[in-house]
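Here is how the chains run, residue by residue.
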Amino acid sequence: MACLLEAPLRISVLSEVTATSRHYVDRLFDPDPEKVLQGVIDMKNAVIGNNKQKANLIVLGAVPRLLYLLQQSSSSLELRTECAIVLGSLAMGTENNIKSLVDCHIIPALLQGLLCPDLIFIEACLRCLRTVFISPVTPVQLLYTDPTVIPHLMSLLSRSERTQEYITQIFSHCCKTPEHQTVLFNHGAIQNIAPLLISPSYKIRMQALKCFSVLAYENTQVSLTLVNVLVDGEVLSQVFVKMMQRDRPIEMQLTSAKCLTYMCRAGAIRTDDSCIILKTLPCLVRMCSKEHLLEERVEGAETLAYLMEPDVELQRIASTTDHLVTMLADYFKYPSSVSAITDIKRLDYDLKHAHELRQAAFKLYASLGSNDEDIRKKITETENMMDRIVSGLSESSVKVRLAAVRCLHSLSRSVQQLRTSFHDHAVWKPLMKLLQNAPDEVLVMASSTLCNLLLEFSPSKEPILESGVIELLCSLTQSDSPALRVNGIWALMNMAFQADQKVKVEIVRCLGTEQLFRLLSDPDTNVLMKTLGLLRNLLSTRPHIDQIMSSHGMQIMQAVTLILESEQSIEVKEQTICILANIADGNTAKELIMTNDDMLQKVKYYMGHSNVKLQLAATFCVSNLIWNEEDGSQERQDKLREMGFVDILHKLTQASDPNVCERAKTAMQQYLA
């Protein structure tokens, strides 16, 4: 019987709650304005800290009525302010609450409310707007829909400490794109926010700092302006340096370090400036140590990785600061069974976010090892590092997989590591698995790493070849993403280098001539260059040249003609003439050039070209065509003499470039022999 009683009991409790909530909503429609005001105040007290009550009131339609009262000019200021406070409280609930509020057009209503001269009402509207905008479910674009909003918010900054805190918080959360940065910059964000860095309120100083970090991120215009800003007679970079001092709150130290990092990366501060080397970098390394909270360690490592990514000197300094390389190894052991975390909530949070630490460590290792051989050695010798990378490649989090493969890519630039660590840990296996099914950003990085593993001195090249990688790479060349097409063709190019005939035939068969020629007219120059590189590697050693040209000669010659006649760069044309020179080295293949007068005229034209690289390649081609020790060389020499090649060669023996001069002399000797 007890079971039967339970269900009706629950329903009656629920209907009671709904009835109470209904009573609050009904009072909003009372004809007596005083009773409406009291109803709103009672509602305010009822929803504080009560998410269930908030959800009920939203479901029962309280929001449209509150917004109506807030916008009515006949409502008293006190009522309008109380409505804004209740709406702010409802926004403090769940993400669903925020979605409902946004769907009811709360943002335009509150922005309109900011035009009222009353400061207390303005602050209530701003507080609610702040709560709505800091939610991840709110489309930030809503702040920029009406072009008058940003300048009006700027004008409200000076009204009170509360307006300063709320507006800077709104800006720091809603500045997500270069367009947003430009709008804020053009409306005087820097001049208006800079004085707030010395506000007596910590909250305001912090929000102002956050504004500068999002404004400066990858923005040269903002960063160059910030360098010249004075706050209370002191340059801004020095204000940031002071905010990084150890006695300041960690959040402040980190955000100041981010500001200086972004200004440095945008080219406004030199990488060898003392505020970077002696202040920012050590501060970020400090953030990576054990005693900091998980999110501080993550942010510290990721910002440091970004700071030194393009600069080898900063990488060297960081690698010897505070044992950073070994310190990062702790990121993989966290939280350990002996973690000194007594706060259960904290432990729960850390367990759920431990993958972010691994991601940050991989990113930082990738940045550290991107240039220097000694640092890479140090990283791979850190305890179980290669095993950690290998397990990172198969983690459930895409971000960790991406960071792990980035790290692997960075280390794969080392000949030494390719020959040792990569081989010992058979890294190619998990990498191949990753390539089977991954999002594009992971695929780009993984295929880029594979290109390095396929270099001729890499011991992984053979087992990768045997694993059927050719089909996979050929499919990448058909991708819509230029980066994936480049990597697919690049890997095939590396694979074809000094490969045996079987591999080359398999590449041509699998890629198909149609796709090969489609790639030769690819709009992306990198794809075209790598395809020419592949063709050049396929057409090396005489038997291979003759075999490929006997089956695909017509199409290859056609593609070469098209490229030489088009508006391509010097590099593309040089690579194309080098392919011709390889064809000219074949026994039977050279006839495809010799019987094509149009092609011979092109070679002749490039011998007299003003660019030395093109002259050199064309002269090399002629040299191969007239080489003495080969059958039919006399007839070929006679034909080229008739066409005026000897005169050009003679001129080139006097060329100012020593390489061209030498190559022309070698060719002339074939006539004299």
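Reading guide: rules and limits
- Residues numbered from 1 in each chain as written.
- Predicted model: local features only at pLDDT ≥ 70, side-chain atom pairs only at ≥ 80, totals over all residues.
- Heavy atoms only, no water.
- Helix = DSSP H or I, 4+ residues; strand = E, 2+ residues; numbered from the N terminus.
- Rg over C-alpha atoms; globule rule 2.2 N^0.38 Å.
- Contact = heavy atoms within 4.5 Å.
- Areas by Shrake-Rupley, 256 points an atom, 1.4 Å probe, with all protein chains shown as cover.
- Lys, Arg positive; Asp, Glu negative; His and termini not counted.
- Charge placed at Lys NZ, Arg CZ, Asp CG, Glu CD.
- Buried < 20%, exposed > 50% of the residue type's maximum accessible area, 1.4 Å probe, protein only.
- Arc of directions from axis to C-beta.
- Expected span 1.5 Å × (residues − 1).
- Bend = angle between axes of the 7 residues up to and from the residue.
- 1 Å grid on protein atoms, 1.4 Å probe; cavity = no way out; pocket = protein on both sides within 12 Å on 5 of 7 lines; lining within 4 Å.
- Points joined across faces, edges and corners; volume = space filled by probe spheres on them.
- Nonpolar A, V, L, I, M, F, W, Y, C, P; charged D, E, K, R; others polar.
- Salt bridge = Lys/Arg side-chain N within 4 Å of Asp/Glu carboxyl O.
- Axes fitted to C-alpha atoms, helices over the stretch in contact; angles between N-to-C directions.
- Parallel < 35°, antiparallel > 145°, perpendicular 65-115°, else oblique.
- Left-handed = near helix turned anticlockwise from the far one by under 90°.
- Polar contact = N/O pair within 3.5 Å; in protein donor to acceptor, adjacent residues only side chain to side chain.
- pLDDT = per-residue confidence, 0-100.
- UniProt positions renumbered as here; feature names shortened; annotations may be inferred.

Under the annotation held in an unreviewed UniProt entry, the chain carries the name Armadillo repeat-containing protein 8 and is attributed to Knipowitschia caucasica.

Quick look at the overall build of the chain now. The helix and strand tally for the chain stands at 42 helices and two strands. Taken against the 2.2 N^0.38 rule, which gives 26 Å for 673 residues, the C-alpha radius of gyration of the chain at 34 Å runs more than 25% over that of a compact globule. Overall size of the chain, expressed as C-alpha extent along the three principal axes, is 115 × 65 × 50 Å. Taking the contacts inside the chain whose residues are at least 6 apart along the sequence as the reference set, 67% of them involve residues at least 24 apart. When the accessible area of the chain is evaluated, it comes to approximately 30800 Å², of which 53% is carbon and sulfur surface. Taking the average place of the 66 positive charges on the side chains of the chain and the average place of its 76 negative ones, the gap between the two points comes to 3 Å.

Further remarks concern unusual backbone geometry. The residue His105 is not glycine, and still its phi comes out positive at about 65°. Of the residues examined, His105 reaches a relative accessible area of 55% and is grouped as exposed. Residues other than glycine seldom take positive phi values, yet Asn384 does so here, at roughly 50°. With a relative accessible area of 47%, Asn384 lands in the partly exposed category.

Another aspect to go through is helix H41 (residues 645-652). Turning to H41, its buried residues are Phe645, Val646, Ile648, Leu649 and Leu652. Burial along H41 is one-sided: seen end-on, the buried residues are contained in an arc of 160°. With respect to the buried face of H41, the exposed residues turned more than 90 degrees away are Asp647 and Lys651. Buried positions along H41 lie against helix H38 (597-607), helix H39 (612-625), helix H40 (633-642) and helix H42 (658-672).

A few words now on helix H21 (residues 344-368). One turn of the α-helix equals 3.6 residues, which is why residues spaced by three or four share an orientation. With 25 residues, H21 should reach 36 Å at 1.5 Å per residue; the first-to-last C-alpha distance of 35 Å fits that figure. The largest bend in H21 comes to about 50°, at His353.

With that settled, consider the side chain of Asn452. Checked against the element boundaries, Asn452 lands in helix H28 (residues 440-453). Apart from residues no more than four positions distant in its own chain, Asn452 is found in contact with His409, Ser412, Arg413, Leu418 and Ser458.

Another point: the layout of surface pockets. Once rolled over the atoms, a probe with the size of a water molecule shows which space is left empty. Size it by volume and the largest pocket reaches roughly 1400 Å³. For the largest pocket, the lining is made up of 41 residues, of which Tyr217, Lys258, Tyr262, Glu302 and Thr303 are closest to its centre. Within the residue set of the lining of the largest pocket, elements represented by two or more residues are helix H10 (161-174), helix H11 (178-186), helix H13 (202-216), helix H16 (250-265), helix H18 (294-308), H21 and helix H24 (398-411). The greatest single-element share of the lining of the largest pocket, amounting to eight residues, is contributed by H18. The residue makeup of the lining of the largest pocket, split by class, is 14 nonpolar, 12 polar and 15 charged.

One pass over the structure, following the stated rule, counts 32 salt bridges. A salt bridge links Glu234 to Lys242; the shortest N-O distance between them is 2.9 Å. When the shortest N-O distance is used, the salt bridge between Asp598 and Lys602 registers 3.0 Å. Separated by four residues within a single helix, Asp598 and Lys602 lie in helix H38, roughly one turn from each other. One connected set of salt bridges, linked through shared partners, spans Lys290, Asp330, Lys333 and Glu383.

What follows is about the packing of helix H32 (residues 501-511) against helix H35 (residues 542-565). In contact at an axis separation of 11 Å, H32 and H35 are set at 25° when each is read in the N-to-C sense. Regarding the angle of H32 to H35, the classification is roughly parallel. As H32 runs across H35, the sense of the crossing is right-handed. Judged by residue contacts, Gln501, Lys504, Val505 and Val508 of H32 engage His544, Gln547 and His552 from H35. The class makeup of the residues in the contact of H32 with H35 is two nonpolar, four polar and one charged.

Next up on the list: the environment of Leu592. In this structure, Leu592 sits in helix H37 (residues 591-594). The class for Leu592 is partly exposed, based on a relative accessible area of 24%. It is 9.5 Å that separates the C-alpha atoms of Leu592 and Ser550, two residues lying 42 residues apart in sequence. Residues contacting Leu592, with those up to four places away along its chain left out, are Met549, Gly553 and Met557.

Here Ser550 shows up in helix H35. Spatially, the C-alpha atom of Ser550 lies 7.1 Å from that of Ala589, the residues being 39 residues apart in sequence. Within the local environment of Ser550, its side chain forms a polar contact with the backbone oxygen of Gln547, the two atoms lying 2.7 Å apart.

Turning next to the confidence of the model for the chain. For the chain, mean pLDDT is 91; residues scoring 70 or higher make up 96% of the total. Below pLDDT 50 for its whole length, residues 1-16 participates in zero contacts with residues either more than four positions away or in separate chains.

This part covers the UniProt feature "repeat: ARM" (unreviewed entry) in the chain. The positions that UniProt labels "repeat: ARM" (unreviewed entry) are, in the present scheme, residues 61-97 and 511-553. Structurally, residues 61-97 is divided into 76% helix and 0% strand, and its ends, taken at the C-alpha atoms, are 12 Å apart. Helix and strand shares over residues 511-553 are 79% and 0% respectively, and the end C-alpha atoms of the span are 16 Å apart.

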